[in-house]
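Now for the letters of each chain:
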Amino acid sequence: MLRWRTCINKHFRWSSPVAQGLLLCVLTFGVILPICCHRLLYSYYFLKTLYLDSLSNAALQESYSRAQDALRFWEGVDSVESLKDPVEMVAKKPDLLVTIVTASRTEGRDYHYLLQVTQRLASLLKACGDKPCAEVMLCDVESGPTLNEDALLLEKQFLVVRRSPGERRKIREAVNIFEKEKRDYVYCLRKGWDLMRPKNVIVLEDDALPGNDFFPLIKNLLSRKFALNTLYVKLYHPERLQRYWNPEPYRILEWLGLGMFGATILLIFSHCTYLSFTLSFHHLLFMTLYVMAVVELAGRHYLLEVRRLSPQLYAVSPATECCTPAMLFPGNASIRAAEYLDQVECAPGNAKDMVLYKIVRSTPGERAHSVEPNAIKHIGAYSSVRFNPLRPRLI
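Remember, it's a predicted structure, so these values are computed and weren't measured experimentally.

**Student:** Help me understand a nonpolar patch on the surface, please; the structure alone is not making it clear to me.
**Tutor:** A contiguous nonpolar patch, built from L23, L27, V31, I32 and I35 and spanning about 420 Å² of accessible area, is present on the exposed surface. Position of I32 among the secondary structure elements: in helix 2 (residues 17-37).

Here is the structure:
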């Protein structure tokens, strides 16, 4: 009994590293992080029952306000400016073609996602100066009886391509929704190539809102060596799936490296304080695990946002499986992707994003990558092809 008491007194007096480490963990994980992170959507400490509805409503309201601004903007341009035929204005063999795949929405049409995206692109293209950053093509894949009114509004501003009425009727009657989505994607890939022969292609879904540094980022990505040998670069991955505790092995290495770096800094800093930590193996291991736990529980998403300071800081890693709101196809890779997709029929559980991912993993010599943080913001609370909940939520 005396031995146990001596051991406890030794390790749990204030000057002991064990007592200091225990107090540090209690304060960090029980007090500081809950106070700082309980409103952060992608943190483990986020109080979903208290804040999710209000954050979701605020995001919908922000999107609606942007939509109304975009609608007024494009209606003003359409009524005041007399533009040339968009077909005549399209450059052949542009350095970059941005193809926007769009369809009408029976729900959420007041959010005018396509108008929001094209307004942002118009603003970004205007900032490029005399030499345009890209050509823009709208690929209207609407096959139902209703017209895509937003695409009709933009016909005098951008090149809009559509299937013939017979082709639309045929594809509507022949396939399930996942196969139709894939065929629409392949049609848009091939149409852009046939019309312009672009050097590089970006395919955006009509609810993928580009960031303010979108074109400088794309230019930087295309200048990197990996772009010469890749089928596609994913420009978006759902924020809720960006955590370190995930199947992607490279994230574990990043997590461990960040933990060791942070631990070293903290141990060096501890020499300037009253803390009793040293650069010993056990203290380094403890601090590494401590830092790893802090960044994971607070949310990796928020750490990634620091990389937006410069396009050079964006990280490129092996591609993840989900999803395809924004995809960069360097060189003539868009045609290879179309040919690959044509060989597989999509179905529930085997959508086009999964097909592309499996093809890359099973085809010798093919590579695919993802960029972090996201180059676009996914603003589509209402889907044009899938079931929509009565009250859309952010997660």
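**Student:** Sorry, what's going on with the sheet that holds strand 4 (residues 200-205) here?
**Tutor:** In spatial order, the strands read 3-2-1-4-8-6-9-7; together these 8 strands make up an open sheet with mixed pairing. With partners counted over all chains shown, the strands left at the sheet margins are strand 3 (159-162) and strand 7 (315-318), one partner each. Taking the axes of each pair of neighbouring strands and ignoring which way they run, one obtains an average angle of 25° across the sheet. By the bridge criterion, 6 bridges tie strand 1 (residues 97-102) to strand 2 (residues 135-140) in an arrangement that is parallel. Bridge pairing in strand 2 places V101 opposite C139. Docked against the sheet, helix 14 (residues 352-362) engages strand 4, strand 6 (232-234), strand 8 (326-330) and strand 9 (368-372), running at close to 130° with respect to strand 6.

**Student:** Can you help me understand unusual backbone geometry in this one?
**Tutor:** Each neighbour pair has its own omega, and for C322 with C323 the value is 15°, a cis peptide bond. Here C323 lies in the loop between strand 7 and strand 8. Geometrically, the link from E372 to P373 is a cis peptide bond, its omega value of 0° lying close to zero. Tracing the sequence through the fold places P373 in the loop between strand 9 and strand 10 (376-378). Phi at R197 is positive, roughly 50°, even though this residue is not glycine. Assignment of secondary structure puts R197 in the loop between helix 8 (177-196) and strand 4. Overall, R197 belongs to the partly exposed group, its relative accessible area being 39%.

**Student:** Please explain the state of the cysteines as it appears in this structure.
**Tutor:** Chemically, a disulfide is nothing more than a covalent bond linking the sulfur atoms of two cysteines. On inspection of all chains with the given rule, the structure shows 3 disulfides. The residue that forms a disulfide with C322 is C323, at a sulfur-sulfur distance of 1.5 Å. Residue C322 is classed as partly exposed on the basis of its relative accessible area, which comes to 21%. Judged by its relative accessible area of 18%, C323 falls in the buried class. For the protein, numbering the cysteines in disulfides from first to last along the sequence yields the connectivity 1-2, 3-4, 5-6. You can see C36 has no disulfide; the closest cysteine sulfur is in C37, sitting 5.8 Å from it.

**Student:** Explanation requested: the nonpolar core in the structure shown.
**Tutor:** Generally speaking, a soluble globular protein has its nonpolar side chains buried in company with each other. One finds V98, I100, I202, L204, F214, F215 and L235 to be the most contacted residues of the largest nonpolar core, which totals 45 residues. Top contributing element to this core by residue count: helix 5 (residues 113-126), with 7 residues. Excluding its chain neighbours within four sequence positions, the residues that come into contact with L235 are I202, F214, I218, L221, A326, M327, L328, V371, N374, A375 and I376. Core analysis: the second largest hydrophobic core is formed by 34 residues, V101, A351, V355 and L356 among them.

**Student:** Can you walk me through the side chain of S43 in this structure?
**Tutor:** Along the chain, the position of S43 falls in the loop between helix 2 and helix 3 (48-80). A distance of 2.8 Å separates a polar atom in the side chain of S43 from the backbone oxygen of L297. Ignoring sequence-local partners within four residues, the contact set of S43 consists of C37, R243, L297, A298 and Y302.

**Student:** Explain the environment of V77 here, please?
**Tutor:** In this fold, V77 is placed in helix 3. Among the residues examined, V77 registers a relative accessible area of 12% and is labelled buried.

**Student:** Before we go on, may I ask you to explain the pairing of strand 2 in this structure?
**Tutor:** Looking along a regular strand, one sees the side chains alternate between the two faces of the sheet. With 6 of 6 residues buried, strand 2 is to be regarded as a mostly interior element. Every second residue of strand 2 is oriented toward a common face, with E135, M137 and C139 on one face and V136, L138 and D140 on the other, all of them buried. Once you follow strand 1 into helix 5 and on to strand 2, the crossover reads as right-handed. Alignment of strand 2 against strand 3, held across 4 bridges, turns out to be parallel. Considered in strand 3, the bridge of L138 is made with V160.

**Student:** How do you make sense of the packing of aromatic side chains when you look at a structure like this?
**Tutor:** Geometrically, a pair of aromatic rings is defined through the distance of the ring centres and the angle of the planes. Throughout the structure, instances matching the rule amount to 10 aromatic pairs. Judged by centre distance (5.6 Å) and plane angle (70°), the ring pair of W74 and F158 falls under edge-to-face. In this pair, W74 sits in helix 3 while F158 sits in the loop between helix 6 (149-153) and strand 3, placing the two residues 84 residues apart along the sequence. Judged by relative accessible area, W74 falls into the buried class, the value being 4%. When the centroid spacing of 6.2 Å and the interplanar angle of 80° are considered together, the rings of W245 and W255 count as edge-to-face. Here W245 is found in the loop between strand 6 and helix 10 (249-270), whereas its partner W255 is found in helix 10, with 10 residues between them in sequence. With relative accessibility at 66%, the residue W245 sits in the exposed group. By relative accessible area, which is 10% here, W255 ends up buried.

**Student:** Explain the confidence of the model for the protein to me, please; I cannot follow it from the model alone.
**Tutor:** Caution applies to low-pLDDT regions: their predicted coordinates should not be interpreted in detail. Looking at the protein, the pLDDT average stands at 88 and 89% of residues meet or exceed 70. Counting contacts from residues 79-83, a segment whose pLDDT is below 50, to residues more than four positions away or on other chains yields 3 contacts.

**Student:** Please clarify how helix 5 should be interpreted in this entry.
**Tutor:** An α-helical segment advances 3.6 residues per turn. Residues three or four places apart therefore align on the same side. With 14 residues, helix 5 should reach 20 Å at 1.5 Å per residue; the first-to-last C-alpha distance of 20 Å fits that figure. Those residues of helix 5 lying buried are Y113, L114, L115, Q116, V117, T118, L121, L124 and L125.

Criteria and thresholds
- Residues numbered from 1 in each chain as written.
- Predicted model: local features only at pLDDT ≥ 70, side-chain atom pairs only at ≥ 80, totals over all residues.
- Heavy atoms only, no water.
- Patch = residues over 30% accessible without salt bridge, like charges linked within 9 Å, V, L, I, M, F, W, Y side chains within 5 Å.
- Areas by Shrake-Rupley, 256 points an atom, 1.4 Å probe, with all protein chains shown as cover.
- Salt bridge = Lys/Arg side-chain N within 4 Å of Asp/Glu carboxyl O.
- Helix = DSSP H or I, 4+ residues; strand = E, 2+ residues; numbered from the N terminus.
- Pairing = 2+ DSSP bridges.
- Axes fitted to C-alpha atoms, helices over the stretch in contact; angles between N-to-C directions.
- Contact = heavy atoms within 4.5 Å.
- Buried < 20%, exposed > 50% of the residue type's maximum accessible area, 1.4 Å probe, protein only.
- Disulfide = S-S within 2.5 Å.
- Core = buried A, V, L, I, M, F, W, Y, C linked by side-chain atoms within 4.5 Å.
- Polar contact = N/O pair within 3.5 Å; in protein donor to acceptor, adjacent residues only side chain to side chain.
- Right-handed = clockwise from strand over helix to strand, strands pointing away.
- Phe/Tyr/Trp six-rings, centres within 6.5 Å; stacked < 30°, edge-to-face > 60°.
- pLDDT = per-residue confidence, 0-100.
- Expected span 1.5 Å × (residues − 1).

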